[in-house]
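Architecture at a glance
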Amino acid sequence: MKTFWRSDWESLAKDELRREGAESLSRESQEGIPIQALYSQDDLDAIGFVESFPGLPPYTRGPRASMYFNRPWTIRQYAGFSTARESNTFYRQCLAAGQKGLSVAFDLATHRGYDSDHPRVPGDVGKAGVAIDSVEDMKILFDGIPLDKMSVSMTMNGAVLPVLASFIVAAEEQGVPQEKLTGTIQNDILKEYMVRNTYIFPPEPSMRIVADVIAYTSQHMRKFNNISISGYHMQEAGADSAIELAYTIGDGIEYVRLVTERGLDIDHFAPRLSFFFGIGMNFLMEIAKLRAARTLWYEKMQVFHPKDPRSSILRTHCQTSGYSLAEQDPYNNVVRTTIEAMAAVLGGTQSLHTNALDEALALPSEFSARIARNTQLILMEESDLSFCVDPFGGSYMMETLTRQLIDKAKMLLKEIDEAGGMTKAILAGIPKLHIEEAAARKQAKIDNGTNTIVGVNKYTAPTDKALKILDINNKEVLQAQKASLETLRRTRDEKKVQNALMQLSAGASDPHANLLQLTMEAMRARATVGEATEALVKVFGRYQASSYSVKSVYGKFMKDNPQFKEAHRRVDAFNRKHGRRPRILVAKLGQDGHDRGAKVIASGLADLGFDVDIGPLFQIPEEAVRQAIENDVHVIGVSSQAGSHKTLIPQLIDCLKKEGAHQIKTVVGGVIPPHDYEFLLSQGVGAIFGPGTPIPECALAILNLLENQT
């Protein structure tokens, strides 16, 4: 009788798979990693798998031995809108409903270091987060919320100094000393140059600010996480899991190197470093990513010879994907968020934010925010997800995928090292290029139907009744903030303020000064966020990145798509008729730096044969119109993500009329609530493209608009 060995059984199982119709026994993931139909002990042997345990190096299975068995993850909801008073009311409701920590979203004017009354930001005030102009706003934001008991996370990078300083001073005036504050400040400027773009200063002084914040908080705020190294925004910009993993770890190593070179002992600050990852719809890959991140961070930190084990432990917050949410059939988004939340929990996150079902349309409403929060409560209290530590530990598939992801990330990190480190690589455009290529590939696979999005490119349903969404009255918020600023400036000691601002500017020229400490003095004197920022701009200047798009990536995956072919044919016909190709200026207006949509549409239209100009970030309408006229474009395509379209689009169209450029058409794409369509069309917008609109469909609509004109 024949003895069957393990390899024999595996071979028989694979033969059975083939007989059942499996054309291939593996599929390639977005990261270029083959996902096998069947895994076995042989795969673990191939990667040299060594069993590990949670709470012990290399922490693959979790940073704590007990994980959720004794204490579940922290429920956080990223929120903030309108004025500080309205956000405070919302925060109190969330805490009463079971939320355990606050994560503050600031508006884009605050992110970019502008006061609400600055002429460049009228459309951004209060729209994508809460407007904070001074300590007075921060005190209102946390009124009645005990900051010695409540953990507060703040997503702030460019204007980190005045915002963190205002938080510290507001706590002091609430009676809470610095050493009792718990929470996290993002303070991750490198990823801003890669993807999110809410930077203010050039890279070198920005890195100094990061180090000053870490140095000050490590000494005076030992319970506070002084940086949250973020991969989330990379994923939102199009990065696959390997890119997000590699560049997040790479950013972290760059910060550690920066601070240790300033003379701080690794164990003095590294235990308070934290991370922030996005969690998308690739369920198994996302679990592997979090396991891989802990392993890779442990390995990379050994170069710095830490003695405290906590210095090598990666602790992370996670947020479900905003990009995966669809405008079409939006209740499907509840399912997507649940799947992503489960992946974060099974991957071992320390805290979690779940996105609301309507976030592809607008800011979350009270109704949708409650569903998002309850999603976590149900997973935590109604399921058995917290009964077992790292349930996937030892899984043939998961352990293999974790190692493959680590190896893929190491290849990307080697490229960064060869460029001289992350800062130099960013200045050379290396990470940005890889992320934008990945984004173009991902969009092409959605547009050609390779990647299914239920309700968007497959199993579509008739349009549902419109959701009731949150609509911020930007004009009312703007008036309220202007009035508060006027009162503040009228009642403060102006001489004291100006002296503190002069000291801050002087400190910017002194490498030995700590800029957070100096900014705290300015905010105590009641300087504003904008004034503190300008005091630094006098020395550092404002940074303006170059705008470009990748080419031929989108078209490579769409060349056989019938709609792509038709759009390409129509572009060629337009060229023959008019003697030139259709020309479009892709513009971002206001302070919204989320340019994934703009870059992808620019790349796709260029591959279709359009002549494409990309406007610099942070344009005001007058600047975009001037560029459009100078470049003799047919169309201005505005990409909007932050809700400022009702203010800025009418201004743009008025500018075109004033300049006598009636022939230039305006189209808009992005996060546009359906109930705003009629208003925008009445203002003269030629076409509106919501989330999920295939690029060839956009191209055909633009061509129809131009041909009807001629």
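Residues numbered from 1 in each chain as written. Predicted model: local features only at pLDDT ≥ 70, side-chain atom pairs only at ≥ 80, totals over all residues. Heavy atoms only, no water.

**Some thoughts on the overall build of the chain**
What counts is decided by this rule: Only DSSP runs of H or I reaching four residues or more are called helices, and only runs of E reaching two or more are called strands; each is numbered from the N terminus. We compute the radius of gyration over the C-alpha atoms and compare it with the globule rule, which gives 2.2 Å times the number of residues raised to the power 0.38. Under the scheme applied here, a residue whose accessible area is under 20% of the maximum for its type counts as buried, over 50% as exposed, and between as partly exposed, the area being computed with a 1.4 Å probe on protein chains only. Note on definitions: a residue-residue contact is assigned when non-hydrogen atoms from the two residues lie within 4.5 Å. Areas reported here follow the Shrake-Rupley algorithm with a probe of radius 1.4 Å; residue values treat only the protein chains shown as occluding.
Counting its regular elements, the chain contains 28 helices and 16 strands. A compact globule built from 710 residues should have a C-alpha radius of gyration of about 27 Å, and the chain, at 26 Å, falls within 12% of that. When burial is assessed residue by residue, the chain has 58% of its 710 residues classed as buried. Considering only contacts within the chain whose residues lie at least 6 apart along the sequence, 79% involve residues at least 24 apart. Counting only carbon and sulfur atoms, one obtains 52% of the accessible surface of the chain, whose full area is about 28,500 Å².

**Focus: the environment of Asp15**
Following the sequence through the fold, Asp15 ends up in helix H1 (residues 6–19). Between the C-alpha atom of Asp15 and that of Leu25, which follows or precedes it by ten residues, the distance is 10.0 Å.

**What to know about the sheet that holds strand E13 (residues 611–614)**
Quick reminder of the rule: The rule for pairing is simple: two strands pair if DSSP sees at least two bridges between them. Interaxial angle, 0 to 180 degrees, is taken between N-to-C directions of lines fitted to C-alpha atoms, where a helix line uses only the stretch in contact.
An order of E13-E12-E14-E15-E16 is seen for the five strands of this open sheet, with the pairing classed as parallel. What marks the edges here is a single partner per strand, and that holds for E13 and strand E16 (687–689). Direction aside, the axes of adjacent strands within the sheet are offset by 20° on average. Where strand E12 (residues 583–587) meets strand E14 (residues 635–640), four bridges bridge the pair, whose relative direction is parallel. For Ala587, the partnering residue across the bridge sits in E14 and is Val638. Across the sheet, helix H26 (residues 645–658) lies against E14 and strand E15 (665–670), angled at about 165° from E14, the strand it touches most.

**Side note on the pattern of salt bridges**
Rule in force here: Criterion for a salt bridge: a side-chain nitrogen of Lys or Arg within 4 Å of a carboxyl oxygen of Asp or Glu.
Throughout the structure, instances matching the rule amount to 39 salt bridges. Across the salt bridge formed by Arg492 and Glu494, the nearest N and O atoms sit 2.9 Å from each other. Residues joined in a network through salt bridges with shared partners are Asp115, Asp117, Arg489, Arg492, Glu494 and Glu531.

**Regarding the nonpolar core**
Note the threshold: Nonpolar core, defined: a set of buried Ala, Val, Leu, Ile, Met, Phe, Trp, Tyr and Cys residues in which side-chain atoms within 4.5 Å join the residues together.
Ranked by internal contacts, the top residues of the largest apolar core, which has 78 residues, are Tyr247, Ile249, Trp297 and Ile435. If sequence neighbours within four positions are ignored, Trp297 has contacts with Ile249, Gly252, Ile253, Val256, Leu273, Phe275, Ser311, Ser312, Ile313 and Leu314. One finds Met156, Ala165, Met221 and Leu536 within the second-largest nonpolar core, a separate group that totals 59 residues.

**A few points about the state of the cysteines**
Definition in use: For this text, the term disulfide refers to a pair of cysteine sulfurs within 2.5 Å.
If you walk through the whole model with that rule in mind, you get zero disulfides. Just so you know, Cys318 is unpaired, no disulfide at all, and the nearest cysteine sulfur is the one on Cys388, 19 Å from it. A relative accessible area of 0% means that Cys318 is categorised as buried.

**Structural notes on the pairing of E12**
Selection rule: Classification remark: right-handed applies to a crossover when, strands pointing away from the viewer, the course from the first strand over the helix to the second runs clockwise.
Taken across its five residues, E12 has four buried, putting it largely inside the fold. Here four bridges tie E12 to E13, and the two strands are oriented parallel to one another. The residue of E13 that forms the bridge with Val586 is Ile614. What joins E12 to E13 is helix H24 (residues 596–607), and the crossover it makes is right-handed.

**With respect to the packing of helix H20 (residues 515–524) against helix H21 (residues 529–540)**
In plain terms, the rule: Angles are sorted into four bins: roughly parallel if under 35 degrees, roughly antiparallel if over 145, roughly perpendicular if 65 to 115, and oblique for all others. Crossing handedness: left-handed means the near helix sits turned counterclockwise from the far one by under a right angle, and right-handed means the same turn made clockwise. The residue classification treats Ala, Val, Leu, Ile, Met, Phe, Trp, Tyr, Cys and Pro as nonpolar and Asp, Glu, Lys and Arg as charged. All others, Gly included, are polar.
At a minimum axis separation of 10 Å, H20 and H21 run at an interaxial angle of 140°. In this view, H20 runs oblique relative to H21, as classed from their interaxial angle. Crossing hand, H20 versus H21: right-handed. Facing Leu515, Thr519 and Met523 of H20, the residues of H21 in contact are Val529, Ala532, Leu536 and Phe540. Of the residues that constitute the contact of H20 with H21, the class distribution is six nonpolar, one polar and no charged.

Any functional reading would require information that these geometric values do not contain.
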